[in-house]
Each structure stands twice: as structure tokens, then as C-alpha cells.
Amino acid sequence: MKFSRVAIASIGYVVPEVEITSDWIESELREVYERLKLPAGRLEGMSGISSRRIWKDGTRLSDCSIASCRAAMAAAGFPDRELSQIGCLIHASVCREFLEPATACRVHHHVGLSDHCWVYDVSNACLGIVNGAVQIANMIESVTIRAGLVGGTEDSRGLLKATLE
């Protein structure tokens, strides 16, 4: 679909504090690499990823989403007095603090959006943010809302948890 009334005004993000390198992951997998006769550097060589970031233990992912939504609104020059213009907030993450109520509810409250703003979660693996953006774009294009906000925060700490402890 081609949109004629829609533009992305800004993007906001927050970067996790903890850095995990591919070299560190390979050192944790050393025995497996040796048994399979895999050369060191394979992970970075195949993926192109030298490091990735995770949130500190105990971080509330919704707090990160709140911060990134605020950063996006600030980058767009969106004043607090116009928050009522945001007609929908979609929290688009696989990682959610709650199933019910939606994690989007906490983000909505702390960002300070109006009571008339639609609020819901979308979870679709790597495509969640794109799905949320298309849903917002469709609502704007159909003149259902004037503006929308898509946020989300992922964390792979759970996949590494046994190794990190």
C-alpha cells in the first residue's frame, strides 16, 4: 500500500548498558567449538556481528520503551501540550512484562497520552515494529487518527541467563 498522508516524523531509541561480544560467546562455547572443530571467529564471520547489547538485570523493559517513546517525541518536536493528537500507541515487542493488561498500558500512562488514545500490544517476532508502523499508517491514512506512536523493547538476557550467572 502506498500512503499519501503519512510520514515518519522521528525515531527514538535507548541503548542497553551491557555489551556482550561474539568473542565472549565463543569463549563460553569453547568446548563445543573444539568438539566440532570450528574455528574461532566463526560467529562474527558468519553474522557480521562483533557485539550485541542487553539490559542490566532487573531493568523494566517498559521503562526503556517509555524512554524511547519520549525520545522520539522530542526528536519530532512534539510538545507535551499536543499529546492529545496521538490517537494510538502500539507497543510492538516479543518481550512483554504483562499479557494482560497490555504492556502498552504502562507505556501510555507514563508517556502521558490522553484517555482517548487507543492502546495495545503487537507481538510478531522481528516484524512487530513494522506491523505496528503499518497499522498506525493505515489509521492515519484513513483519517481515523492524526498521529500515532509505535514503541517496543527487546531483551535477549533470558537466552543468556544461565551463562551470565
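Residues numbered from 1 in each chain as written. Predicted model: local features only at pLDDT ≥ 70, side-chain atom pairs only at ≥ 80, totals over all residues. Heavy atoms only, no water.

Enquirer: I keep staring at the overall build of the protein and nothing clicks. Help me out?
Expert: A count of helical and extended segments in the protein gives seven helices and five strands. Counting from the amino terminus, the protein carries its helices and strands in the arrangement β-α-α-α-β-α-β-α-β-α-β-α. Seen along its three principal axes, the alpha-carbon backbone of the protein occupies a region of about 60 × 35 × 30 Å. In the protein, the proportion of contacts linking residues at least 24 apart, taken out of those at least 6 apart, comes to 73%. When the accessible surface of the protein is totalled, it reaches about 10300 Å², and 54% of it is carbon and sulfur. Averaging the coordinates of the 17 positive side-chain charges in the protein and doing the same for the 20 negative ones gives two points 3 Å apart. (Helix = DSSP H or I, 4+ residues; strand = E, 2+ residues; numbered from the N terminus. Contact = heavy atoms within 4.5 Å. Areas by Shrake-Rupley, 256 points an atom, 1.4 Å probe, with all protein chains shown as cover. Lys, Arg positive; Asp, Glu negative; His and termini not counted. Charge placed at Lys NZ, Arg CZ, Asp CG, Glu CD.)

Enquirer: Teacher, can you tell me more about the state of the cysteines here?
Expert: A covalent bond between the sulfur atoms of two cysteines is referred to as a disulfide. By the definition in use, this model includes zero disulfides. Cys-69 forms no disulfide, and the closest cysteine sulfur to it belongs to Cys-117, at a distance of 10 Å. Distance from the sulfur of Cys-105, which forms no disulfide, to the nearest cysteine sulfur (Cys-117) is 10 Å. Note on Cys-105: relative accessible area 36%, which makes it partly exposed. (Disulfide = S-S within 2.5 Å. Buried < 20%, exposed > 50% of the residue type's maximum accessible area, 1.4 Å probe, protein only.)

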